[in-house]
Amino acid sequence: MSLLALVAGLLALPFGARPRVSDGALVFERFPWGPGGALALGNVVLHTGQSLDTEVRTYAAVAAGQAGPRVRLGDHERAHVYQAMVLGPLFLPLYLACGGISHRNRFELAADRYALTGRGWWPWPRPAVV
């Protein structure tokens, strides 16, 4: 996964992507393709925005239509980097099997919990809704 994301990031350099090391990963900011936001694949993060310092609402807050709580995007993505480091090639299939990009996905709930508290990035047991 890291290799695939690295190749994508390198291909994006002529289109405005900017690499830097942040949050335990190689981050390609201003990644020009995709729906927006950030995607951690192994130790590489592809981010369409300017900086992982951006504050975003948690998945639970978005699903509930609430304004908060808000977390630093880099902290949320760092949790996914840790998850992928431990699970290796199993990360993506397990992430997708748990619901993909969803407020019910245990990987996303754990990443939000980690971004809020600095603890609990591991997705098992299922984290409490934050």
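Not measured: the values here are computed from a predicted model.

### Some words on helix 5 (residues 106-117)
Piece 1. Helix length check: helix 5, at 12 residues, gives a terminal C-alpha distance of 16 Å against a target of 16 Å (1.5 Å per residue), a fit within 8%.
Piece 2. Tucked inside the fold, the buried residues of helix 5 contact helix 2 (59-64), strand 6 (70-72), helix 3 (73-87) and helix 4 (91-97).
Piece 3. Two or three places before Phe107, at the opening of helix 5, Asn105 has a side-chain oxygen 2.7 Å from that residue's backbone nitrogen.
Piece 4. Phi turns positive one or two residues past the end of helix 5, at Gly118, with a value near 80°.

### Brief notes about the pairing of strand 2 (residues 25-29)
Piece 1. Burial within strand 2 is extensive, with four of its five residues counted as buried.
Piece 2. Pairing between strand 1 (residues 18-22) and strand 2: five bridges, direction antiparallel. What sits directly across from Val21, in strand 2, is Leu26.
Piece 3. The hairpin formed by strand 1 and strand 2 contains two residues between the paired strands, and Asp23 there has a positive phi angle of roughly 55°.
Piece 4. Here three bridges tie strand 2 to strand 4 (residues 44-47), and the two strands are oriented parallel to one another. Residue pairing in the sheet places Phe28 in a bridge with Leu46 of strand 4.

### Here's the deal with the nonpolar core
For soluble globular proteins, the rule of thumb is that nonpolar side chains tend to be buried together.
Piece 1. Ala5, Ala12, Ala17, Phe28, Phe31, Leu41, Val44 and Leu46 form the largest nonpolar core, which has eight residues in total.
Piece 2. Elements represented by at least two residues in this core include exactly helix 1 (2-12) and strand 4.
Piece 3. When residues no more than four places from it in sequence are discounted, the contact partners of Phe28 are Leu6, Gly9, Leu10, Leu13, Arg18, Pro19, Val44, Val45, Leu46 and His47.
Piece 4. Core analysis: the next-biggest nonpolar cluster, separate from the first, contains seven residues, Ala25, Ala40, Leu52 and Val81 among them.

### Here we look at the packing of helix 3 against helix 5
Angle between the axes and distance between the axes: these two values describe a pair of packed helices.
Piece 1. For the pair helix 3 and helix 5, the least separation of the axes is 8 Å and the interaxial angle reads 125°. With respect to helix 5, the axis of helix 3 lies oblique. At the point where helix 3 passes helix 5, the crossing takes the right-handed sense. Between helix 3, through Asp75, His76, Arg78, Ala79, His80, Tyr82, Gln83 and Leu87, and helix 5, the contact on the second element is made entirely by Phe107, Glu108, Ala110, Ala111, Asp112, Tyr114 and Ala115.
Piece 2. Residue composition of the contact of helix 3 with helix 5, grouped by class: eight nonpolar, three polar and four charged.

### Remarks on the environment of Gln83
Piece 1. Within the secondary structure, Gln83 sits in helix 3.
Piece 2. Gln83 sits in the buried class, given a relative accessible area of 0%.
Piece 3. For the pair formed by Gln83 and Gly42, sequence separation is 41 residues and the distance between their alpha carbons is 8.3 Å.
Piece 4. Excluding its chain neighbours within four sequence positions, the residues that come into contact with Gln83 are Phe91, Phe107, Ala110, Ala111, Trp121 and Pro123.
Piece 5. Polar side-chain contacts of Gln83 include one of 3.3 Å to the backbone oxygen of Phe107.

What counts, and where the lines are drawn
Residues numbered from 1 in each chain as written. Predicted model: local features only at pLDDT ≥ 70, side-chain atom pairs only at ≥ 80, totals over all residues. Heavy atoms only, no water. Helix = DSSP H or I, 4+ residues; strand = E, 2+ residues; numbered from the N terminus. Expected span 1.5 Å × (residues − 1). Contact = heavy atoms within 4.5 Å. Polar contact = N/O pair within 3.5 Å; in protein donor to acceptor, adjacent residues only side chain to side chain. Buried < 20%, exposed > 50% of the residue type's maximum accessible area, 1.4 Å probe, protein only. Pairing = 2+ DSSP bridges. Core = buried A, V, L, I, M, F, W, Y, C linked by side-chain atoms within 4.5 Å. Axes fitted to C-alpha atoms, helices over the stretch in contact; angles between N-to-C directions. Parallel < 35°, antiparallel > 145°, perpendicular 65-115°, else oblique. Left-handed = near helix turned anticlockwise from the far one by under 90°. Nonpolar A, V, L, I, M, F, W, Y, C, P; charged D, E, K, R; others polar.

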